[in-house]
Amino acid sequence: MSVNWVLPFDEKLYPEGCKIVEPEAYVKMHESTVKDYKNFWAGIAKELSWYRPWKEILDESNPPFYKWFVGGELNACYLCVDRHAKGSRKDKVALIWEGEPYANGMPKEVRKFTYGDLYTEVNKVAYMLRNTYGLKRGDMIGIYMPMIPELPIVMLAASRIGVAFTVVFSGFGEESITERMNDAEAKLIVTADGGWRAGKIIQLKKIVDEVLEKAASVKGVLVVKRVDCEIDMVQPRDRWYHEELAKVPEGAYVEPERMKSEDPIYVLYTSGTTGKPKGQVHDTGGYMTILHATMNWVFDVNEEDIYWCTADIGWVTGHSYLAYGPLLEGMTEVMYEGSPSYPEPDRWASIIERHKVSVLYTSPTAIRSWMKFGDEFVNRHDTSSVRLMHSVGEPINPEAFKWFYRTVGRNRVVFGSTWWMTETGGIMISHIPGKAIVPMKPGTNGLPILGIDADVFDENGNPQKIGDRGYLVIKQPWPGMPLTIYKNPGRYKEVYFSKFLGSYYAGDYAVKDRDGYFWILGRADEVIKVAGHGLGTYELESAIVNHSDVAEAAVVGVPDDIKGEVPVAFVILKVGNEPSDELRRDINSIVRDKIGHIASLKEVYFVTRLPKTRSGKIMRRVIKAVLTDKPVGNLATLEDEASIDEVKKAYSELRQELSRKPT
Ligand code: PRX
């Protein structure tokens with residue numbers, strides 16, 4: 001059954017001073033790149049520097065395990081650092097880092113690295129990783145760090161010596177890290193004593209200490225001193241980063257490894273609806289190619305730009321469009337350590353003003369929380385340096401779009417919502433899908449970039465009608481796609497390539513409008529997007545059932561004005577236990593400890609049964625419908641109708657209780 005969908009806001013906007021390509025003309029241009037996509041992408045890849053050219057553009061012998069630019073050799077660190085440091089950009093600033101602590105109207109710390117400085121640093125760190133830890137090509141390390149310059153430097157240094165890594169977001173808790181370290185079999189964890197967030201110290205090394213008890217592969221911990229808090233250092237396992245660097249000879253140089261195009265650059269975990277997180281393995285050659293293309297097409301790189309991606313490197317946006325993409329293009333970029341509203345909600349506007357940011361990449365959640373404080377905090381600063389902005393991570397509601405466009409964008413800049421995912425490696429759908437600026441439509445994602453064959457399918461795998469909701473797919477391989485799911489190729493095939501044979505299934509609902517624009521509507525599976533970060537219902541439920549009084553749990557996402565979505569839990573207690581507020585708090589603190597603060601439950605409801613299918617699967621869509629006052633839909637597979645009444649009762653009772661409590 002198709003669901004007809006009404007455009008929430010079908011207005012076209014034309015950014016000032018840009019050459020506009022009407023969608024029809026773009027679609028024609030796009031068609032030719034999709035038809036001959038292999039040669040098209042080879043043409044882009046040639047613009048990078050390769051030690052050795054590829055023999056075959058695309059190895060399709062074992063679908064869906066595609067390999068791009070087979071036979072080619074390159075090194076990501078060389079491309080992002082050496083090329084510029086050895087050439088005319090040696091003294092150009094690569095990275096402007098701003099720490100969170102603030103006093104007298106100014107940040108206490110701003111550190112700048114030229115490409116020459118970055119070159120010296122990555123060589124030193126690469127030398128240390130190799131000599132102190134004996135790390136070599138093919139090894140894997142874990143990284144759990146705050147947003148400090150050492151984070152991208154360690155990533156680049158690892159790439160230099162062919163070591164793959166997995167970064168774990170510094171807001172994640174012990175269980176999330178342990179699971180990832182064990183799956184990745186990381187040999188070393190690079191961390192910091194702590195990090196700053198909203199004026200508070202987040203203890204990182206302490207959490208790593210807990211992880212070490214359960215992660216046997218990890219033999220060493222390298223610790224950056226960031227906040228100077230008290231921590232335990234167990235010798236010889238734990239070492240200070242600055243002490244180890246001091247041992248590296250002056251002017252150390254480490255020859256970049258000549259990586260095969262299909263060698264993994266990193267593994268980044270995404271949350272699923274069932275089972276443990278999926279380690280998305282990205283290659284080197286295809287990944288560099290998609291970054292090179294999209295940096296130029298979507299961010300319209302100019303030599304004098306000051307680029308700022310506000311994402312945390314713990315997520316894919318920070319990998320692709322902070323740690324690698326801008327440096328690949330020799331840009332000057334800003335990196336900020338802390339909270340957007342510290343010490344006041346004008347912090348981001350002040351960063352834009354002080355560093356004269358011209359290209360801004362941010363998220364709907366950030367925009368909405370900014371909007372909540374009102375225009376005043378933007379107007380305190382001159383943001384007129386911004387010429388182009390994009391958001392990512394979740395659908396942007398037209399209201400937030402229009403607010404941001406009017407305030408920071410002064411009603412004239414390019415502003416789009418780029419669609420992509422951890423799996424795709426780089427941006428796939430955008431309003432500047434290839435230096436061709438199509439008219440902007442608030443709330444949409446725009447059109448597929450050149451060379452990307454995206455479509456919306458109906459349930460049977462046929463192209464969906466214009467204006468009807470369907471499933472987003474990508475019909476041909478693209479550079480930057482995953483090589484596989486780490487140690488689980490079967491799952492890779494099943495999750496992404498079994499719903500529609502031959503096409504990549506993104507797991508998102510989407511609509512195509514009459515201009516060919518894509519509107520991504522949200523997840524079709526049960527991944528909850530909290531502030532743009534995907535959390536699997538399964539992970540949350542597994543954390544909750546760790547509580548000794550809990551028998552079973554179901555988690556669903558409910559709409560939230562700022563964060564887009566937040567999780568709520570329905571919990572069945574073991575016999576003999578009574579619901580209480582204390583239990584609610586305990587359950588929530590388990591979730592925060594194990595998964596992290598982003599996973600905080602908005603509410604915990606106690607029930608004695610849950611809506612399930614006859615085969616025992618929890619029907620989360622039914623629970624969600626009750627919570628959002630929507631029709632519960634088809635109940636043919638429901639085992640026990642009374643369970644819905646229980647959900648309704650628990651919901652209304654808690655509502656009443658909360659309304660009685662003083663705020
Ligand atoms: O649901 C889509 C949503 O984010 C999902 C991917 O999440 P993740 O792997 O964490 O990567 C996020 C950053 C690239 C997608 O399946 N999503 C991402 N960008 C958008 C979006 N939904 C709507 N509009 C977007 N611009």
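Just so it is clear, the structure is predicted and the values come from calculations on it, not from any experiment. (Residues numbered from 1 in each chain as written. Predicted model: local features only at pLDDT ≥ 70, side-chain atom pairs only at ≥ 80, totals over all residues. Heavy atoms only, no water.)

(A) Seen up close, the overall build of the chain. Of the regular secondary structure elements, the chain holds 19 helices and 34 strands. Seen through its C-alpha atoms, the chain measures out along the principal axes to roughly 70 × 65 × 55 Å. Looking at the 663 residues of the chain, the share that counts as buried comes to 61%. In the chain, once contacts between residues fewer than 6 apart in sequence are set aside, the share between residues at least 24 apart is 72%. Within the structure as shown, the chain displays about 25,900 Å² of accessible surface, and the carbon and sulfur contribution to it stands at 49%. Charged side chains of the chain number 83 positive and 91 negative; the gap between the two group centres comes to 2 Å. (Helix = DSSP H or I, 4+ residues; strand = E, 2+ residues; numbered from the N terminus. Buried < 20%, exposed > 50% of the residue type's maximum accessible area, 1.4 Å probe, protein only. Contact = heavy atoms within 4.5 Å. Areas by Shrake-Rupley, 256 points an atom, 1.4 Å probe, with all protein chains shown as cover. Lys, Arg positive; Asp, Glu negative; His and termini not counted. Charge placed at Lys NZ, Arg CZ, Asp CG, Glu CD.)

(B) Examining the environment of T166 more closely. Looking at the element boundaries, T166 is found in strand β9 (residues 164-167). When the C-alpha positions of T166 and I189 are compared, they lie 9.5 Å apart, and in sequence the two are 23 residues distant. What T166 contacts, discounting residues up to four positions off in sequence, is M140, I141, G142, I143, M181, A184, V267, L268 and Y269. Separated by 2.8 Å, the side chain of T166 and the backbone oxygen of V267 make a polar contact. (Polar contact = N/O pair within 3.5 Å; in protein donor to acceptor, adjacent residues only side chain to side chain.)

(C) Summary view of the site of the ligand. If you check the shell around the ligand, you find 17 residues, and the closest are T418, T422, D508, R523 and K529. Note that a nitrogen atom of the ligand is positioned 3.1 Å from one of the side-chain N or O atoms of N445. Bound to the protein, the ligand loses 94% of the 540 Å² it would expose on its own. Counting residues per element, the ones that place at least two in the shell around the ligand are α10 (316-328) and β29 (518-523). Split by residue class, the shell around the ligand holds seven nonpolar, six polar and four charged. (Near = heavy atom within 4 Å. Nonpolar A, V, L, I, M, F, W, Y, C, P; charged D, E, K, R; others polar.)

(D) Molecular detail of helix α1 (residues 23-35). With 13 residues, α1 extends 18 Å from end C-alpha to end C-alpha; this agrees with the ideal 18 Å at 1.5 Å per step. If you check which residues of α1 are buried, you get P23, Y26, H30, T33 and V34. Here the buried residues of α1 occupy an arc of 95 degrees about the axis, which is enough to place them on one side. In this structure, α1 carries E24, K28, E31 and K35 as exposed residues pointing more than 90 degrees from its buried face. Next to the buried residues of α1 lie α2 (37-45) and β24 (447-448). (Expected span 1.5 Å × (residues − 1). Arc of directions from axis to C-beta.)

(E) Representation of the sheet that holds strand β25 (residues 454-457) in the model. Strand order across the open sheet formed by four strands is β25-β26-β28-β29, with antiparallel pairing between neighbours. What marks the edges here is a single partner per strand, and that holds for β25 and β29. Direction aside, neighbouring strands of the sheet carry axes that sit 45 degrees apart on average. Bridge count between strand β28 (residues 504-512) and β29: five bridges; the pairing is antiparallel. Each residue of the ladder has a partner; that of A510, found in β29, is I520. (Pairing = 2+ DSSP bridges. Axes fitted to C-alpha atoms, helices over the stretch in contact; angles between N-to-C directions.)

(F) The arrangement of the environment of I352 in detail. Among the structural elements, I352 can be located in helix α11 (residues 347-355). By relative accessible area, which is 0% here, I352 ends up buried. Residues I352 and W308, 44 residues apart in the sequence, show an inter-C-alpha distance of 8.5 Å. Apart from residues lying up to four places away in sequence, I352 is in contact with W308, V357, L360, W370, T383, S385, V386 and V408.

(G) Quick peek at the packing of aromatic side chains. Using the criterion set out here, one finds 43 aromatic pairs in the structure. Both rings, one in F401 and one in F415, keep their centres 4.3 Å apart while their planes meet at 15 degrees; by these two values the pair is stacked. One end of the pair, F401, is in helix α14 (residues 398-407); the other, F415, is in strand β22 (residues 414-417), and 14 residues separate them in sequence. Across this residue pair, the class does not change: F401 and F415 are buried. Ring plane angle 20 degrees and centroid distance 4.6 Å describe the contact between F570 and Y605, whose orientation is recorded as stacked. Taken together, the residues F570 in strand β33 (residues 564-573) and Y605 in strand β34 (residues 603-607) connect sequence positions 35 residues apart. (Phe/Tyr/Trp six-rings, centres within 6.5 Å; stacked < 30°, edge-to-face > 60°.)

(H) Representation of the confidence of the model for the chain in the model. In the predicted model, the chain carries a mean pLDDT of 93, and the fraction of residues at 70 or more is 97%. pLDDT under 50 marks residues 1-5. Its contacts with residues more than four places away, or in other chains, come to 11 contacts. (pLDDT = per-residue confidence, 0-100.)

(I) Quick peek at the sheet that holds strand β18 (residues 306-309). The strand order β7-β4-β19-β18-β20-β21-β22 describes an open sheet built from seven strands, whose pairing is mixed. Only two strands of the sheet have a single neighbouring strand rather than two, namely β7 (110-114) and β22. Geometrically, the sheet is characterised by an average inter-axis angle of 15 degrees between neighbouring strands, direction not taken into account. Inspection of the sheet shows strand β20 (residues 359-362) paired to strand β21 (residues 388-391) by four bridges, in the parallel sense. Bridge pairing in β21 places V359 opposite L388.

(J) Inspection of helix α17 (residues 581-594) at higher detail. Here α17 contains 14 residues, and its C-alpha end-to-end distance of 20 Å stays within 8% of the 20 Å for a straight helix at 1.5 Å per residue. Those residues of α17 that fall on the buried side of the exposure criterion are L583, R584, I587, N588, I590, V591 and K594. End-on, the buried residues of α17 take up no more than an arc of 155 degrees, which puts them together on one face. Exposed and oriented more than 90 degrees from the buried face of α17 are E582, R585 and D593. Structurally, α17 contributes buried residues whose contacts are with α6 (174-184), α16 (537-544), β32 (550-560), β33, β34 and α19 (642-660). Directly beyond the C-terminal end of α17, a positive phi value near 130 degrees is found at G596.

(K) How the structure looks around the side chain of N75. Note that N75 resides in the loop between β3 (73-74) and α3 (76-85). A polar side-chain atom of N75 sits 2.9 Å from the main-chain amide nitrogen of Y78. There is a polar contact of 3.1 Å between the side chain of N75 and the backbone oxygen of S159. Leave out the neighbours within four places in its chain, and N75 touches Y51, S159, R160, P256, E257 and M259.

(L) Focus on the pattern of salt bridges. In total, this model carries 51 salt bridges according to the counting rule given. Here E150 makes a salt bridge to R111, at a shortest N to O gap of 3.3 Å. Note that E150 is positioned in helix α5 (residues 150-160) and R111 in strand β7, a separation of 39 residues in sequence. For R111, a relative accessible area of 33% corresponds to the partly exposed category. Residue D508 is joined to R523 by a salt bridge in which the shortest nitrogen-to-oxygen separation is 3.5 Å. Taken together, the residues D508 in strand β28 and R523 in strand β29 connect sequence positions 15 residues apart. Judged by relative accessible area, which is 6%, D508 ranks as buried. Judged by its relative accessible area of 22%, R523 falls in the partly exposed class. Through salt bridges with shared partners, one network takes in K12, K441, D513 and D515. (Salt bridge = Lys/Arg side-chain N within 4 Å of Asp/Glu carboxyl O.)

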